[in-house]
Amino acid sequence: MDSIRKKVTELLESGAVKVVIGYGEGSDNNVKAIFVRKPQDASKLIYDERCVQNLAFYLMKHEVKHMGKRGVIAPLSVMRTVLQVASECQLKEDEVVVLGITSEKELVEFSNLKELETYISKSDLSLPAKEKEIMDKIEAMSPAERWQYWTNQLSKCIKCYACRAACPMCYCIRCQVECNQPQWITAEATPMGNVEWHLMRAMHLAGRCVNCGECARSCPMEIPINLLTYKTVSMVKGNFEVYAGASSTMESVLSSYKSDDKENFIR
Amino acid sequence: MADFEPKIVAFVCNWCTYAGADLTGTSRIKYAPNVKIIRFPCTGRIDFMLLMKSFANGADGIIVSGCHPNDCHYTSGNFHARRRWMVFRDLAEFMGIDVNRVCFSWVSAAEGAKWAEIVNTFTDEVRKRGPYKEYIDLAKMEHKNVIL
């Protein structure tokens, strides 16, 4: 923690960055995102096991962009998000300083995005054990059981779109659900409408999701929607051998193709 | 169930499968009348939401068909479509949607016989599976009371 505060103070004093986005104490033993602009406020930064929020999502907000060059405290999910949004041209290399945090809570500095890519290629990107258990349980169900499971879970959805708001990849100025000519997906929270919304969102995140889990954490109804996007991640990795957040120059999975993509269901 | 005739919707590309289906007709090859063909310029244009909306509106089966890889009229539309179908199929299966009710195929403009065979085989398969009741039932619900 001290090394983080020291580094941030240095960066702000030298003017190398105008703001650093990090974790700070919130109310009720919760952690919240803080925006440190003055060197003396660096002491408010903390880092412990409660710090899981994906801070990269603030990097592209225009209020933050106008502050100038920004730094961000980056555990693994944030590092991957930075690379993924850079590959989608939402962030330039010289706009951000990534202050990486290893799984042992040590600070690691990166002078450019290439070093970040190297670090990520050596990291463990597997799912946390708890999520893997539920995924395996669902995969073992019959199709009818899966339909029951998902329609039950998704019928809890109240269409608050917190999942969309929390996801760093959902930065579309006009989301497809806001279009009402034609209206693909109803705004009401009906059972079928909820299934359509979540399936659509998972499809739009295919190959782009970095498994940060923000969607599930932000859901007020505690629906495990991150499992839907995890499914697309494992599918994309298995079939196209790429994963989001691997590099700042990779092509988007659904906007590119290989002429020898293999499938076994086209007649 | 003995009188059940499935409703099949076919999303086809204009340049290959639609022309192929046309050839089936001009060759006077008989095939199942259950299919309603919808013409698209290219399979690359076919959104996965169209498939979901078809099921929600009463389709029991869906055929999606286009040009063979490397033969797309727009060069790469079917390659993009193929990737999209691979992802959609896996995701839909994970959610419990019956992906055996969706048939993907490449049918060229010369393959009139193949089109007939695909429609006939697939209509038989869907007839055996019965109407897609669970999907339509969910589409009609205004809310679902669930105790988890």
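Residues numbered from 1 in each chain as written. Chains lettered and ligands numbered in written order. Predicted model: local features only at pLDDT ≥ 70, side-chain atom pairs only at ≥ 80, totals over all residues.

(A) Structural detail: the overall build of chain A. Helix and strand content of chain A: 10 helices and five strands. Over its C-alpha trace chain A gives a radius of gyration of 20 Å, about what one expects of a compact globule, namely 18 Å for 267 residues. Residue burial in chain A is summarised as follows: out of 267 residues, 37% are buried. Excluding contacts between residues fewer than 6 apart, the proportion of contacts in chain A whose partners are at least 24 apart in sequence is 67%. (Helix = DSSP H or I, 4+ residues; strand = E, 2+ residues; numbered from the N terminus. Rg over C-alpha atoms; globule rule 2.2 N^0.38 Å. Buried ≥ 20, exposed ≤ 12 C-beta atoms within 10 Å, placed from the backbone. Contact = placed C-beta atoms within 7 Å.)

(B) A look at the overall build of chain B. Helix and strand counts for chain B stand at five helices and four strands. Mapped in sequence order, the helices and strands of chain B form the string β-α-β-α-β-α-β-α-α. Taken against the 2.2 N^0.38 rule, which gives 15 Å for 148 residues, the C-alpha radius of gyration of chain B at 16 Å falls within 12% of a compact globule. The principal-axis extent of the C-alpha atoms belonging to chain B is close to 55 × 35 × 20 Å. Counting every position in chain B, which comprises 148 residues, the buried fraction comes to 49%. For chain B, long-range pairs separated by at least 24 residues make up 83% of all intrachain contacts whose partners lie at least 6 apart in sequence.

(C) Representation of helix α2 (residues 48-56) of chain B within the structure. Those residues of α2(B) not exposed but buried are B:Leu51, B:Met52, B:Ser54 and B:Phe55. Summarising the axial view, the buried residues of α2(B) lie within an arc of 155°, below the 170-degree limit, and thus occupy one face. Those residues of α2(B) that are buried are in contact with α8 (191-204) of chain A together with β1 (8-13), β3 (61-66), β4 (102-106) and α5 (133-140) of chain B. Note on α2(B): the residue one or two positions beyond its end, B:Gly58, has a positive phi of about 115°. (Arc of directions from axis to C-beta.)

(D) Examining the sheet that holds strand β2 (residues 31-36) of chain A more closely. All names here are of chain A. Pairing within the open sheet is mixed, and its five strands lie in the order β2-β1-β3-β4-β5. The sheet is open, and its two borders are formed by β2 and β5 (107-109), each paired with just one other strand. Averaged over all neighbouring strand pairs, the angle between strand axes comes to 30°, with direction disregarded. As judged from the three bridges shared by strand β1 (residues 19-25) and strand β3 (residues 70-74), these two strands associate in the parallel manner. Paired with valine 19 across the two strands is arginine 70, which belongs to β3. (Pairing = 2+ DSSP bridges. Axes fitted to C-alpha atoms, helices over the stretch in contact; angles between N-to-C directions.)

(E) Geometry of the domain arrangement of chain A. All names here are of chain A. Domain parsing of chain A yields domain 1 (2-121) and domain 2 (129-242). On a C-alpha basis, the centroid separation for the pair domain 1 and domain 2 is 27 Å. The partner domain 2 presents eight residues to the 11 residues of domain 1 that form the contact. Its residues placed into classes, the side of domain 1 that touches domain 2 shows four nonpolar, six polar and one charged. (Domains from an automatic or database assignment. Nonpolar A, V, L, I, M, F, W, Y, C, P; charged D, E, K, R; others polar.)

(F) Representation of unusual backbone geometry. Cis geometry is adopted by the peptide bond preceding A:Pro182, which originates at A:Gln181 and carries an omega value of 5°. Even without being a glycine, A:Lys159 presents a positive backbone phi close to 55°. Here B:Thr75, not a glycine, exhibits a phi torsion of approximately 75°, which is positive. Counting through the fold element by element, B:Thr75 comes out in the loop between β3 and α3 (77-94). For B:Thr75, a count of 11 C-beta atoms within 10 Å translates into the label exposed.

(G) The interface of chain B and chain A, seen in detail. The interface of chain B with chain A comprises 36 residues on the first partner and 33 residues on the second. Of all the elements in the fold, those that place two or more residues in the side of chain B that touches chain A are α2, α3, β4 and α5 of chain B. Tallied by class, residues from the side of chain B that touches chain A come to 21 nonpolar, six polar and nine charged.

(H) How the structure looks around α8(A). Taking 1.5 Å per residue, 14 residues should reach 20 Å; α8(A) reaches 20 Å between its end C-alpha atoms and fits that length. The element α8(A) is largely enclosed, with a buried count of 12 among its 14 residues. For α8(A), every residue scored as buried is listed here: A:Pro191, A:Met192, A:Gly193, A:Asn194, A:Val195, A:Glu196, A:Trp197, A:His198, A:Leu199, A:Arg201, A:Ala202 and A:Met203. Along its buried surface, α8(A) packs onto α6 (143-154), α7 (162-166) and α10 (226-240) of chain A together with α2, α3 and α5 of chain B. (Expected span 1.5 Å × (residues − 1).)

(I) Geometry of the nonpolar core. A:Ala206, A:Val236, B:Ile8, B:Cys13, B:Ile63, B:Val87 and B:Leu91 are the most contacted members of the largest nonpolar core, which has 81 residues in total. Among the elements that make up this core, the one with the highest residue count is α3(B) (eight residues). Beyond its immediate sequence surroundings of up to four residues, B:Cys13 is in contact with B:Tyr18, B:Phe40, B:Cys42, B:Thr43, B:Gly66 and B:Cys67. Counting residues in each nonpolar core, the second largest holds 33 residues, with A:Ile4, A:Leu12, A:Leu83 and A:Leu116 among its members. (Core = buried A, V, L, I, M, F, W, Y, C linked by C-beta atoms within 7 Å.)

(J) Inspection of the confidence of the model for chain B at higher detail. When the pLDDT values of chain B are averaged, the result is 92; 97% of them are 70 or greater. Both confidence scores are given for the complex: pTM 0.91, ipTM 0.90. (pLDDT = per-residue confidence, 0-100.)

(K) Fine view of the sheet that holds β1(B). Residue and element names in this part refer to chain B. Pairing is parallel across the open sheet formed by four strands, whose spatial order is β2-β1-β3-β4. Looking at which strands have only one partner, the edges of the open sheet turn out to be β2 (35-40) and β4. Each adjacent strand pair in this sheet contributes to an overall mean axis angle of 20°, direction not counted. Examined bridge by bridge, β3 and β4 share five bridges and lie parallel to one another. Bridging from a neighbouring strand, isoleucine 62 pairs with valine 102 of β4. Sheet strands in contact with helix α4 (residues 112-129) are β1, β2, β3 and β4, and its direction is about 155° off that of β3.

(L) Region of the structure containing the pairing of strand β4 (residues 96-101) of chain A. All names here are of chain A. Of all six residues making up β4, five are buried, and the element is well covered by its neighbours. Relative to β4, β3 is paired through five bridges, and the arrangement is parallel. Note on β4: the bridge partner recorded for isoleucine 73 is leucine 99. Of the crossover connections in this fold, the one passing from β3 over helix α3 (residues 76-87) to the parallel β4 is right-handed. (Right-handed = clockwise from strand over helix to strand, strands pointing away.)

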